[in-house]
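One letter stands for each residue in the lines below.
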Amino acid sequence: MKIIVNVREIKEFFDGLARLLLPNAAQPPAVESGVVDVSNSFIAEIRQAIREELASALLEERGNVVTTSLNKLGRVLEPYAGKSAELLTPAGTVEGTIAKVGDDYLVVREHGGTSVVIPLEQLVTFQLAGKQVER
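A quick note: this is a predicted structure, and the numbers were derived from the prediction, not measured. Here the residue index of a chain counts from 1 through its sequence in written order. Residues qualify for local features only when their pLDDT is at least 70, as the model is predicted, and side-chain atom pairs are given and counted only at 80 or more; totals for whole chains, interfaces and linings, by contrast, use all residues. By convention in this description, side-chain values take in all heavy atoms of the structure and omit both hydrogens and water.

*Asks:* Which parts of the structure should I look at to understand the pairing of strand 1 (residues 84-89)?
*Replies:* Residues in a regular strand project their side chains so that they alternate between the two faces of the sheet. When accessible area is computed with a 1.4 Å probe and restricted to protein chains, residues below 20% of their type maximum are described as buried, those above 50% as exposed, and intermediate ones as partly exposed. Numbering of helices and strands runs from the N terminus; a helix is a DSSP stretch of H or I covering at least four residues, while a strand is a stretch of E covering at least two. Burial of the side chains of strand 1 is restricted to one face: Ala85, Leu87 and Thr89 are buried, whereas none of Ser84, Glu86 and Leu88 on the reverse face is. A pair of strands is labelled paired if DSSP reports no fewer than 2 bridges between them. Pairing analysis gives 6 bridges linking strand 1 to strand 2 (residues 92-101), with the strands arranged antiparallel. Each residue of the ladder has a partner; that of leucine 88, found in strand 2, is threonine 93. A loop of 2 residues connects strand 1 with strand 2, the two strands running antiparallel in sequence. Direction of pairing for strand 1 relative to strand 5 (residues 125-128): antiparallel, over a ladder of 4 bridges. Note on strand 5: the bridge partner recorded for leucine 88 is threonine 125.

*Asks:* Looking at this structure, I do not really get the sheet that holds strand 4 (residues 115-119). What am I missing?
*Replies:* Two orientations exist for strands paired in a sheet by backbone hydrogen bonds: parallel and antiparallel. Spatially, the 5 strands line up as an open sheet ordered 4-3-2-1-5, and their pairing is antiparallel. The strands lining the two open edges of the sheet, one partner per strand, are strand 4 and strand 5. Averaged over all pairs of adjacent strands, the angle between their axes in this sheet comes to 40 degrees, without regard to strand direction. Orientation is described by axes fitted as lines to C-alpha atoms, over the contacting stretch for helices, and by angles from 0 to 180 degrees between their N-to-C directions.

Given below as structure tokens:
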């Protein structure tokens, strides 16, 4: 394969890319071909806007994945409402009867009568009381 390039155009491309990505990069003099020198503050504003847009897009995507996963987990746990279970969370183990399965939470009534709300995102393991789950 043979590639023919104009060295000046490639240099200008990479110089421009460096100016956009590196805030303190040396600014080459403006080219006489009509290129307008853009102020550093304008470039900084564009960079900040791009960063904010990327961050919000990543957060939105991550939020959609988490919500979808929690909805699936809630649907899996719905048939077990009213049954005794042992739930492990980062805060410890909760044993009792699953009283309610919400969109993103479980309500477990412990043997002493206390109700505990467990966010599904905090659920580490789930096991029906007295039964072993096969892997």
